Amino acid sequence: METKKTPLYDEHVKLGGKIVDYAGWFLPVQYEGILVEHEAVRTKAGIFDVSHMGEVMVRGKEALNYLQYLLTNDIGVLENNQVVYTFMCYPDGGVVDDLLTYKINDEEFLLVINASNTDKDFKWMQDNVKDFDVVVENISDKVGEVALQGPNAEKILSKLTDENLSDIKFFHFKKDINVAGTKCLVSRTGYTGEDGFEIYTSTDGIVNVWNSILEAGEEYGIKPAGLGCRDTLRFEAGLPLYGHEISQDISPIQGGFKFFVKLDKDDFIGKDALVAQNENITKKVVGFELLGKGIPREGYDVVADGKKIGYVATGYFAPTLKKNIGTALVDAEYSKKGTEFEVMIRNKPVKAKVIDKRFYKRK
Amino acid sequence: MRVLKDLLYTKDHEWIKVDGNKAYVGVADYAQEQLGDIVYVELPDVDDEFEIEEAFGAVESVKAAADIYMPVSGKVLEINEALEDDPSLLNQDPYENWMILIELSDASQLDDLMNAKDYEKYLEEEA
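Residues numbered from 1 in each chain as written. Chains lettered and ligands numbered in written order. Predicted model: local features only at pLDDT ≥ 70, side-chain atom pairs only at ≥ 80, totals over all residues.

Things to note about helix H7 (residues 227-236) of chain A
Residue and element names in this part refer to chain A. Heads up, the rule is: Residue burial is a threshold on neighbouring C-beta atoms within 10 Å of the residue's own C-beta, all placed from the backbone, with 20 or more meaning buried, 12 or fewer meaning exposed, and counts in between meaning partly exposed. Only DSSP runs of H or I with at least four residues qualify as helices, and only runs of E with at least two residues qualify as strands; both kinds are numbered from the N terminus onward. We call two residues in contact when the distance between their C-beta atoms, placed using the backbone, is within 7 Å.
With nine of ten residues buried, H7 lies mostly within the body of the structure. Where H7 is concerned, the buried positions are Leu227, Gly228, Cys229, Arg230, Asp231, Thr232, Leu233, Phe235 and Glu236. Structurally, H7 contributes buried residues whose contacts are with strand S2 (18-22), strand S3 (25-30), helix H2 (34-43), strand S4 (45-49) and strand S17 (307-318). With its phi angle positive at about 80°, Gly238 sits one or two positions after the end of H7.

A word on the domain arrangement of chain A
All names here are of chain A. Our working definition: A domain assignment, automatic or from a database, supplies the domain bounds used here. Each residue gets one of three labels, nonpolar for Ala, Val, Leu, Ile, Met, Phe, Trp, Tyr, Cys and Pro, charged for Asp, Glu, Lys and Arg, and polar for the others, Gly among them.
Each assigned domain of chain A is listed here: domain 1 (1-280) and domain 2 (282-363). On a C-alpha basis, the centroid separation for the pair domain 1 and domain 2 is 27 Å. Of the residues lining the interface, 19 residues belong to domain 1; the matching set on domain 2 comes to 19 residues. Secondary-structure elements contributing two or more residues to the side of domain 1 that touches domain 2 are H2, H7 and helix H8 (252-255). Partitioning the side of domain 1 that touches domain 2 into residue classes produces five nonpolar, nine polar and five charged.

Notes on the sheet that holds strand S13 (residues 196-202) of chain A
All names here are of chain A. How we decide: Being paired, for any two strands, means DSSP has found at least two bridges between them. Helix axes are fitted only over the stretch in contact, all axes being lines through C-alpha atoms; the angle between N-to-C directions runs from 0 to 180 degrees.
Overall, mixed pairing links the six strands, which are arranged S11-S12-S13-S10-S4-S14 in an open sheet. Looking at which strands have only one partner, the edges of the open sheet turn out to be strand S11 (173-179) and strand S14 (222-224). Geometrically, the sheet is characterised by an average inter-axis angle of 25° between neighbouring strands, direction not taken into account. Note that S4 and S14 share three bridges and pair parallel. Across the sheet, Gly46 pairs through a bridge with Lys223, a residue of S14. Across the face of the sheet, H2 comes into contact with S4, strand S10 (143-149) and S14 while running at roughly 115° to S4. Contacting S4, S10, S11, strand S12 (182-187), S13 and S14, helix H6 (residues 205-217) runs over the sheet at an angle of about 15° to S10.

A short note on the sheet that holds strand S9 (residues 100-104) of chain B
Residues and elements named next belong to chain B. An order of S1-S2-S3-S9-S8-S5 is seen for the six strands of this open sheet, with the pairing classed as antiparallel. Strands at the two margins of the open sheet, each flanked by one partner only, are strand S1 (8-9) and strand S5 (49-50). As paired strands, strand S8 (residues 74-79) and S9 are joined by five bridges and run antiparallel to one another. Note on S9: the bridge partner recorded for Lys75 is Glu103.

Some thoughts on the confidence of the model for chain B
For the record, the criterion: Confidence per residue, as judged by the predictor, is encoded in pLDDT with a range of 0 to 100.
Model confidence for chain B is summarised by a mean pLDDT of 97, while 100% of its residues fall at 70 or above. Both confidence scores are given for the complex: pTM 0.95, ipTM 0.90.

A word on the environment of Gly255 of chain A
Residues and elements named next belong to chain A. If you trace the backbone, Gly255 turns up in helix H8. For the pair Gly255 and Val136, spaced 119 residues apart in the sequence, the C-alpha separation amounts to 28 Å. If near-sequence neighbours (up to four positions away) are discounted, Gly255 is found in contact with Pro240, Glu245, Ile246, Ile250 and Val285.

Notes on the pairing of strand S7 (residues 95-105) of chain A
All names here are of chain A. Burial within S7 is extensive, with nine of its eleven residues counted as buried. Here strand S6 (residues 82-89) runs beside S7; their pairing, made up of eight bridges, is antiparallel. Bridging across to S7, Phe87 finds its partner in Asp98. What sits between S6 and S7 in their antiparallel hairpin is a turn of five residues, with Gly93 showing a positive phi close to 95°. Relative to strand S8 (residues 108-113), S7 runs antiparallel, the two being bridged by five bridges. Residue pairing across strands places Thr101 opposite Leu111, the latter belonging to S8. As consecutive antiparallel partners, S7 and S8 are separated by two residues.

Section: the interface of chain B and chain A
The interface is formed by ten residues belonging to chain B together with twelve residues belonging to chain A. Counting residues per element, the ones that place at least two in the side of chain B that touches chain A are strand S4 (38-42) and strand S6 (55-61) of chain B. When grouped by side-chain class, the residues that make up the side of chain B that touches chain A number five nonpolar, one polar and four charged.

Let's talk about the packing of H2 of chain A against H7 of chain A
Residue and element names in this part refer to chain A. Threshold: Roughly parallel covers angles under 35 degrees, roughly antiparallel covers those over 145, roughly perpendicular covers 65 to 115, and oblique covers all other angles. A crossing counts as left-handed when the near helix is turned anticlockwise from the far one by less than a right angle, and as right-handed when that turn is clockwise.
Where H2 contacts H7, the two axes come as close as 9 Å, and the packing angle between them is 55°. Comparing their axes, H7 and H2 come out oblique. Relative to H7, the crossing made by H2 is right-handed. Packed against H2, whose contacting residues are Ile34, Glu37, His38 and Val41, the element H7 presents Gly228, Cys229, Thr232 and Leu233 at the interface. A per-class count over the contact of H2 with H7 returns four nonpolar, three polar and one charged.

Here you go:
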């Protein structure tokens, strides 16, 4: 498949972005450097092009019932203008994708899904419509999206809108907000562990929004931020990335995200398997800190008691924490905090200790 | 991309600066540029011996880990410990900040390395 350009591609090139092919999209992995961009988001602000994300509208009389069946979290408790993080699972409990669900009203929802999974997800959603009175529409090609993240995010965005942004609480949103003259949907959400907003508009409108935010944010130390720090930021904050901490082979229970799976909810896809797993868990994603020297990397083996007990899901020298840490999928008996195991780095075992995988918590 | 005249280069973008039967070894500007922010450098122990093209250490950026290979066979005489304390020195000046000083075991192996001119040509082909 041909690699696609987001509506902001030319802006990335102008800003000196180092462009890579990510999930079928040309996107900047960094502009100035991953470390300075990471730091900017933690201490000031950063703006990300996330136009590659997929968006699906679900409309109809039975939209709520359909989503309760399709998704693992409880959609029934949402108010209008509220957002929830949830999984969409296979019958065996494996994850189709993780996503945000925006409730516009009882009969209208916006689902925001991973770029790499968009086609697969949309087909899965369609296949499961069955007798539900709903229409699912893939609007990904019509939507541009940026994420403005960091402690100065609200100050910056406030310069561009008359809306009182402090009224938008965490995991809530407002539609039809005027941002620098462009009509947008604005949610207080993100993937960095910092305060911030995700802003959706048309593919035409997003260029104005991007440039206006960069200009308005200059006095607040904003930096354009690439995919590189998007991953280090989400990782430090304990947020999963599909294909790493959760996947078709790693269920939300195994991934350690049980909070977003409501096992006492009426029937939903994957429920039986997830209930069974919850009672007898055999492998689990844990956080760990390396006690010896080196950086744990994705795919490195984890060993203990003379055998392989798992592998590293994500690993980094964490820029904010200045520690070599990782997540690993390991046999459940090695998942308790304080447990020690070894990570194989270039064929040498290096000691590590299980710690809370929410490595970084905002003050 | 900076290429220094008096050095020899490998296809994996290591450089070597020969002085008699000793030589300094490091990574070329292209390598640090490709890697981005370098956050970890792994060096061998003094007196370790390596064959040509054997990995003697590693340089890691935020995103990637790269093995660093011997341009020629030799024995490690010194390591640049400053890199362990501040890996970003390799981003700042990868030629000033050598990784290891070695004693050559077979000086004839130098003949197969690229001089600055050939390396520049090689970089153009890579790009």
